Number of protein chains: 4
Amino acid sequence: MNNFEQFEKNESDIRSYCRSFPVIFNQAQGAELVTTEGKRYIDFLAGAGTLNYGHNHPVLKKALIQYLEEDGITHGLDMYSAAKERFLETFNRVILEPRGFANYKIQFSGPTGANAVEAALKLARKVTGRSNIISFTNGFHGCTIGALAATGNGHHRGAAGVPLTDVSRMPYANYFGDNVNTISMMDKLLSDPSSGIDKPAAVIVEVVQGEGGLNAASAEWMRKLEKLCRKHEMLLIADDIQAGCGRTGTFFSFEEMGIKPDIITMSKSLSGFGLPFAIVIMRNELDQWEPGEHNGTFRGNNHAFVTAAAALEHFWTNDEFAKSVQAKGKLIKERMQKIARKHGPDSLFVKGRGMMVGISCPNGEIASAICKEAFANGLVIETSGNHSQVVKCLCPLTITDEQIDKALTILDAAFAKVMAEDIANQAS
Amino acid sequence: MNNFEQFEKNESDIRSYCRSFPVIFNQAQGAELVTTEGKRYIDFLAGAGTLNYGHNHPVLKKALIQYLEEDGITHGLDMYSAAKERFLETFNRVILEPRGFANYKIQFSGPTGANAVEAALKLARKVTGRSNIISFTNGFHGCTIGALAATGNGHHRGAAGVPLTDVSRMPYANYFGDNVNTISMMDKLLSDPSSGIDKPAAVIVEVVQGEGGLNAASAEWMRKLEKLCRKHEMLLIADDIQAGCGRTGTFFSFEEMGIKPDIITMSKSLSGFGLPFAIVIMRNELDQWEPGEHNGTFRGNNHAFVTAAAALEHFWTNDEFAKSVQAKGKLIKERMQKIARKHGPDSLFVKGRGMMVGISCPNGEIASAICKEAFANGLVIETSGNHSQVVKCLCPLTITDEQIDKALTILDAAFAKVMAEDIANQAS
Amino acid sequence: MNNFEQFEKNESDIRSYCRSFPVIFNQAQGAELVTTEGKRYIDFLAGAGTLNYGHNHPVLKKALIQYLEEDGITHGLDMYSAAKERFLETFNRVILEPRGFANYKIQFSGPTGANAVEAALKLARKVTGRSNIISFTNGFHGCTIGALAATGNGHHRGAAGVPLTDVSRMPYANYFGDNVNTISMMDKLLSDPSSGIDKPAAVIVEVVQGEGGLNAASAEWMRKLEKLCRKHEMLLIADDIQAGCGRTGTFFSFEEMGIKPDIITMSKSLSGFGLPFAIVIMRNELDQWEPGEHNGTFRGNNHAFVTAAAALEHFWTNDEFAKSVQAKGKLIKERMQKIARKHGPDSLFVKGRGMMVGISCPNGEIASAICKEAFANGLVIETSGNHSQVVKCLCPLTITDEQIDKALTILDAAFAKVMAEDIANQAS
Amino acid sequence: MNNFEQFEKNESDIRSYCRSFPVIFNQAQGAELVTTEGKRYIDFLAGAGTLNYGHNHPVLKKALIQYLEEDGITHGLDMYSAAKERFLETFNRVILEPRGFANYKIQFSGPTGANAVEAALKLARKVTGRSNIISFTNGFHGCTIGALAATGNGHHRGAAGVPLTDVSRMPYANYFGDNVNTISMMDKLLSDPSSGIDKPAAVIVEVVQGEGGLNAASAEWMRKLEKLCRKHEMLLIADDIQAGCGRTGTFFSFEEMGIKPDIITMSKSLSGFGLPFAIVIMRNELDQWEPGEHNGTFRGNNHAFVTAAAALEHFWTNDEFAKSVQAKGKLIKERMQKIARKHGPDSLFVKGRGMMVGISCPNGEIASAICKEAFANGLVIETSGNHSQVVKCLCPLTITDEQIDKALTILDAAFAKVMAEDIANQAS
């Protein structure tokens, strides 16, 4: 038996994931987590998309240990460091230039996604002189007040303590069903001088809404959204914090869509090692910041520079990794579709893109029961969605096919058990 | 010659400290920074108070490397981990219990000071049902919108892009001079139902204002402030992000004052190693969070747990370290007073507490010129204050007396040169 | 020639209607305005719906002169007065009780529609403990900051000087065309805990949007809206400031729809004489105001009490007046439809309800040119709508059939001339 | 016995003054109110400063009746009218030009003080491009959200339902006692870039705070405030809604102080007859409004134009009236000082300026008991102040010396009785 006394006594009741996974983890490698008692779990959560390259990837780990051993500078505010220079050079060479983003610059914000979003919104408002921002239903952008205003989640919004202002909410792609064109709706509202929607500085959008339930915008919708931004002179901010770093099969989630966001926020898997790190990428002309206007103590996390640069070199200098992600994504999706057809042909369906896929259940209770059952059998997996109704797979992109097979076998059994119970309950 | 081309091309113009220190740092140890070209600098900035135990402290470094080698879990959201358990146990045993804070709990917020402040303000508003917060002139609490509303700095506020609301600004201790009792003023405003100051949820205060210019509140003022909070049923939030972790000679900056803040925010030197980490400490009764109400991807940075626990064991299990800080603080202050008397008996004066001291100059241009001159001679040192007029010493608490001597000799010469030039300029 | 020197010298450039009607009016009677030079105009503007009973109605005028001659109290803040008592008794007997609103109470707000809206929104927020309000595209509720937040008009919003907060904008009936069910959209957004639309205190709606362009909600839409309010525990506020007092053919604009708003705001024609007057009508249970929580110097305008009571007695104690309004409304609509068919079968169409009707033109320039031409021929008429594209008839409800005929003959000619010019312009 | 059933049944519980004066008023003339039962009261409330020329002044009444009989236009939005022209001409000739305000223009806002304040704040923000406004402790500027943000009263603020933003609160003259220079305090805060007080668009100030408790700023303080505004490029808005129109012995309350506010708001006694009316007066250069940016249905109340012009002609074309006000003010003050010395030499003191004076009592209960006792003996008088502790005299400026004598005799007796009871209570 584990003993959680220390946590219950000293840690705030706000703790959350630990309630779904009541064990104490100690070690981790690749797609595997190990508890203090030696029990092993396959990780289909991966830090909510933070561990795209798995836990403690040996190449990255080696680079970090070497940096530590050489007394490489760890913390230096936003002073120049050799590690930062190497990251900049690598990111520019490996990511930006090949994808046509050579004329973009990088801001190192405080090392959290929320902070990158706060910086991006400030910049958009500064550059345009407007205060309103468009964000979408079911969007998630962080919990600090500026980012929270753009977030849809009512549980988080309810804890704000102050009204959340200067954001207009719009329906995401397909929010009102496949036959309702939400871009036209926005266009009408923005073209109407009496609609009550003040001219926005920017639109902030996730190409795939991770927390919102794996809602994936189509390439066509994204292209229309970009056009809408140009028409109404709004900046397009792609929040690629969860969907970026290869999760959808390409480095950026939007790169095959033929669009060019004005600003991109990245975090989560950017360090490659689970280390706090976040950046804002912006078109050169938008870099109208004055020195130090937005700051933060940890905006230069050199350990993250080291592992991030190593990850970029290792995974992104050719297209092997991307192809393997696409292949695994296909594999997982097919397996999930089989599960859905088998256990709920009318009630279960698969959502998402790349290796950011899941199965939507009739309600949150069922989804939660399935995750609980899976955990009991060795699989760490969580729900997402506005009603927590989606069983979400965010496993490391480096996971092996064997691990995928094992995990989905567990998941299959969990669906079988819970869906059967649900039918039994309905009958009684 | 250094070459900053990579930074100038790829990093946003928002970069700031690097403009004062135009070199590329590569390694660091203790109180010493080393550039890519092998040039050595004494560090009187220390990550703006983030490196109280110096760069790459060997004990902490060893613990971190060992953790890495054993594949200790790096990132696990807020799941239970052995490293977190050890941190909780150590912090409780070494810090909270001996100081009478046994009935306090810890929230792991996103790993930045701003995020800890955002969480603290949310909690205070939730618990009291009020939205107004009192913060002080020259206070600094971070740059995300919620924290920024409480921050005084106009440069940062000006970049908000939206009005900063739900905060009432009050004069800090001695803001209007030594003869004006700012506590009485607040009491009058808060007791007057028509003052226009809505009943606050909380007061957020730095015991020493680091960014604000090393303004140090007296024990008496802090005690009166605590009483004022009790009288008007406001929570007292001590923002100990910069002044905590031993900087003033005790772990908390307020612990010898006989007060008990309701909520304490900590970050910066908490990890001991410069790693992103932040916590909110609250009285048990105030822990009214529901699970997950405020969240963030990096709220469980296990590397920081490891180094933080090691630092607590190494520095805080007896009073040796605290005493040495007090002694060094005294030494630095005396040397600074000599400098002040020598180069500006009427215009320079020493400010601050413990090892958080500095010399106030007639204006920001002089202070800036002194820092520039010092840097040219091997000392990294920065200004603070509302007019950037204070030359601020925030060296590692672990600095040697020799290093102090060397640094202050450089500083003495810098003051000599710049103050002489200033007199010459005024004469001409 | 008129001479406007005094106005141009001493009155702010904000003056507006006088620019469309550059004459100086001196006297007025019924539906007729007379300038200082004796020129007569038919009034199809009627104080933007403030003069439903015409100018200086003899019965009301007599009552007011008599009150003045007897030194009836004019101003008494919200003290009890005989005139107020008579108004309350009359309004209750003649309006509220016969329409099933016996259990409603009246608040005398400051004597402007905006003030009534401010009071209604405050009350809804107080009673529900929520801050969000739903208002609609093209809605108009006033220009004070609280009311302006609910108003859609961008010209007015742009002059706010501060962000307008705590309002979520929703599409009005048929905003996205006749085939899009905007009630279902709202229901989806309000049922989704992650939509980002915070639970509203209330919905504020105009049954016919006067300023917004004579958009008329159907009875079915209004009934569904009422149901939506019940489902999501939002209060329903009917802003009947422009559409009320008989304008649509019944006293309240919604009374034949079978709905019961929780709160009703009234002003404009309420005094019957063009005197400043406004009230908030609320279900008894919602009257949770503490004495004096919302106040204002002129919230007891006794002159308005006198004329309002006289108007209620004269016009509303039987159904003759209502029937005549319905008949005239039908007449005007038919004439307008003829005009539309004649001069623009594909581009002109008639909008609105009762005696709140108009002709929608292809654009605001055409509509404006038509009004200008009509004015040159003796008709005061204005545009409304998000692009000022609707030529709006708001003539006194007491207008004679002869005056209607004369006015519409002028209008017919104006359409003929301007539409012909437009075709000529397009051809060239 | 009066019967208030109609009010209790049909009027909202928000009704306020009627609770202090539980009678039904019917007629009024000069300084006298008459109930439905024929009981007569002297009016020391005068519509909270709205009836400076008394009730139903015969000259004004005659002008209004004549206007009515001639079918003068009553309501015309902001169209040109002969009555408005006459008011503009008269106000300019009689008030503005002789006082050196020839280069000022007039905006007719909605006919309430709150609306004039809303317009003034919008204009100041528009002209300066800043959003922050400075207002003072105990200031009262109205209850609509924009004006309420500037108001100090907690009872009203508490009913806002939304946070009140974009206003910084400063201590009024002598707020912290006679020895504390509140102008210097403001200067320090505004000169300090890190004070947290964002650069204000304007300062809004009452020269005498009526609702705030008859706090009167000295000429010196006002002059320094004007200088402060020039130094920090803030506009100076004088809210002369209660203190203007002769109340202090001159038309504007500040005119003998040698200052020139940039913007002046007026209402209350402006019509002279208790009719709703409000204006914003602004320096020509500040009139940067676009047509119709701030509007309102009743912004052209022609009845008020008629009585206002008549009042200006009658009272302000020579200095007789002003002198008589000064003399009566002196008389009332002397009588009040006698009362204070007699019944509470250590606890009662006289406050205010001109005919806006009162006696400050130890607390609100005493002040309220005195007003109640006075009412029982035929005097309508109310309290003001942050604790409702000031018995306030706001009688008509046209009151006779005999009426003053009679009223103060009643007041004397009321003080005698209540103060004696208070002493008795304290002894027991």
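Residues numbered from 1 in each chain as written. Chains lettered and ligands numbered in written order. Predicted model: local features only at pLDDT ≥ 70, side-chain atom pairs only at ≥ 80, totals over all residues. Heavy atoms only, no water.

(A) Structural detail: unusual backbone geometry. The backbone of C:Glu233 shows a phi angle near 55 degrees, a positive value even though the residue is not glycine. Tracing the chain through its elements places C:Glu233 in the loop between helix H10 (219–231) and strand S10 (235–239). Under the relative-accessibility criterion, C:Glu233 is labelled exposed at 59%. You will see that D:Ala46, though not glycine, has its phi angle at about 50 degrees, which is positive. Of note, D:Ala46 is situated in helix H3 (residues 46–49). (Helix = DSSP H or I, 4+ residues; strand = E, 2+ residues; numbered from the N terminus. Buried < 20%, exposed > 50% of the residue type's maximum accessible area, 1.4 Å probe, protein only.)

(B) Broad picture of the packing of aromatic side chains. A complete count under the given rule lists 108 aromatic pairs over all chains for this structure. Ring centres of D:Phe87 and D:Phe305 lie 6.0 Å apart, and the angle between their planes is 25 degrees; this geometry places the pair in the stacked category. Placement of D:Phe87 in helix H5 (residues 82–96) and of D:Phe305 in helix H11 (residues 302–316) is noted, with a sequence separation of 218 residues between them. Both residues of the pair, D:Phe87 and D:Phe305, belong to the buried class. Stacked on the ring of C:Tyr175, the Lys or Arg A:Lys188 has its end atom at 4.4 Å from the ring centre. (Phe/Tyr/Trp six-rings, centres within 6.5 Å; stacked < 30°, edge-to-face > 60°. Lys NZ or Arg CZ within 6 Å of the ring centre and 35° of its normal.)

(C) Representation of the relation of the copies chain D and chain C. For the pair chain D and chain C, the superposition axis carries a translation of 0.0 Å, the fit reaches an RMSD of 0.0 Å, and the rotation angle comes to 180 degrees. Here the two chains are linked by the operation of a two-fold rotation axis. The fraction of interface residues of chain D whose copies in chain C are also interface residues reaches 100%, indicating that both copies meet through the same surface. (Least-squares fit on C-alpha atoms with pLDDT ≥ 70 in both. Contact = heavy atoms within 4.5 Å.)

(D) Local environment of the sheet that holds strand S6 (residues 167–170) of chain D. Residues and elements named next belong to chain D. In space, the seven strands of this open sheet follow the order S4-S12-S11-S10-S7-S5-S6, with mixed pairing throughout. Whereas interior strands pair on both sides, the edge strands pair on one side only; in this sheet they are strand S4 (104–108) and S6. When the angles between neighbouring strand axes are averaged without regard to direction, this sheet yields 20 degrees. Here strand S5 (residues 132–136) runs beside strand S7 (residues 200–205); their pairing, made up of three bridges, is parallel. (Pairing = 2+ DSSP bridges. Axes fitted to C-alpha atoms, helices over the stretch in contact; angles between N-to-C directions.)

(E) Local environment of the interface of chain D and chain C. Listed by partner, the interface residues are 104 residues for chain D and 104 residues for chain C. Between chain D and chain C lies a buried interface of about 9,500 Å² when both sides are counted; carbon and sulfur atoms form 60% of it. Three residues stand out in chain D for area buried against chain C, namely D:Ile14, D:Tyr80 and D:Phe298, and they jointly supply 10% of the buried area on that side. The tally of links from chain D across to chain C stands at eight salt bridges. Among the salt bridges present, the one from C:Lys84 reaches D:Glu11, with a minimum N-O distance of 3.0 Å. Applying the counting criterion to the chain D and chain C interface returns 57 residue pairs in polar contact (both at pLDDT 80 or more). A per-class count over the side of chain D that touches chain C returns 44 nonpolar, 35 polar and 25 charged. (Buried area = accessible area lost by both parts, 1.4 Å probe. Salt bridge = Lys/Arg side-chain N within 4 Å of Asp/Glu carboxyl O. Polar contact = N/O pair within 3.5 Å; in protein donor to acceptor, adjacent residues only side chain to side chain. Nonpolar A, V, L, I, M, F, W, Y, C, P; charged D, E, K, R; others polar.)

(F) Structural detail: the confidence of the model for chain A. The predicted model of chain A has a mean per-residue pLDDT of 97, with 100% of residues at 70 or higher. Complex prediction metrics read pTM 0.97 and ipTM 0.97. (pLDDT = per-residue confidence, 0-100.)

(G) Spatial organisation of the domain arrangement of chain A. All names here are of chain A. Considered domain by domain, chain A is made up of domain 1 (5–57 + 319–427) and domain 2 (72–315). Opposite the 31 residues of domain 1 that make contact, domain 2 presents 29 residues. Area buried by domain 1 at its contact with domain 2 is led by Tyr53, Arg353 and Met356, which between them contribute 32% of it. The interface formed by domain 1 and domain 2 contains one salt bridge. For lysine 392, the salt bridge identified is with glutamate 211, shortest N-O distance 3.1 Å. Linking domain 1 to domain 2 there are 21 residue pairs in polar contact (both at pLDDT 80 or more). When contributions to the side of domain 1 that touches domain 2 are tallied by element, the ones reaching two or more residues are helix H3 (46–49), helix H12 (320–343), strand S13 (349–353), strand S14 (356–360) and strand S17 (390–393). Per element, the largest residue contribution to the side of domain 1 that touches domain 2 is four residues, and it comes from H12. When grouped by side-chain class, the residues that make up the side of domain 1 that touches domain 2 number 13 nonpolar, 15 polar and three charged. (Domains from an automatic or database assignment.)

(H) Structural view of the packing of H12(A) against helix H14 (residues 401–427) of chain A. Residues and elements named next belong to chain A. One way to put it is that H12 packs onto H14 with a least axis distance of 10 Å and a crossing angle of 20 degrees. Comparing the axis directions of H12 and H14 gives the class roughly parallel. Judged by the twist between their axes, the crossing of H12 over H14 is right-handed. Here Lys328, Leu331, Ile332, Arg335, Met336, Ile339, Lys342 and His343 of H12 lie close against H14, whose contacting residues are Asp401, Ile404, Asp405, Leu408, Thr409, Leu411, Asp412, Phe415, Ala416 and Met419. (Parallel < 35°, antiparallel > 145°, perpendicular 65-115°, else oblique. Left-handed = near helix turned anticlockwise from the far one by under 90°.)

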